[in-house]
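Structural characterization, general
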Amino acid sequence: MRQVITGYHRDEAGDWVAQLACGHFQHVRHTPPWVNRPWVVTATGRAAMLGSALECRKCDEGAPPDCR
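Residues numbered from 1 in each chain as written. Predicted model: local features only at pLDDT ≥ 70, side-chain atom pairs only at ≥ 80, totals over all residues. Heavy atoms only, no water.

A short note on the pattern of salt bridges
- Enumeration over the complete set of coordinates arrives at 2 salt bridges.
- Here Arg 29 ties to Asp 15 by a salt bridge, and the two come within 3.1 Å at their closest N and O atoms. With Arg 29 in the loop between β3 (25–27) and α1 (43–49) and Asp 15 in the loop between β1 (2–10) and β2 (16–20), this residue pair connects regions lying 14 residues apart in the sequence.
- The partly exposed category is assigned to Asp 15, whose relative accessible area is 27%.
- A salt bridge links Lys 58 to Asp 66; the shortest N-O distance between them is 2.8 Å.
- What makes Lys 58 partly exposed here is its relative accessible area of 29%. (Salt bridge = Lys/Arg side-chain N within 4 Å of Asp/Glu carboxyl O. Helix = DSSP H or I, 4+ residues; strand = E, 2+ residues; numbered from the N terminus. Buried < 20%, exposed > 50% of the residue type's maximum accessible area, 1.4 Å probe, protein only.)

Rendered as structure tokens:
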């Protein structure tokens, strides 16, 4: 199920995590060639992606919202 990005935070390793409208969190790493998300590495890029949708597997699985 697609969910909108509402914010970001960093995890304990310093990787960026998207906060989704459904209450789930999803890592948004830029690790080419496997994952190509250059927008993650700058504040401007992350801000531009606010309101964009990502596929949320946790919603598909019926998982409860994540806690921070």
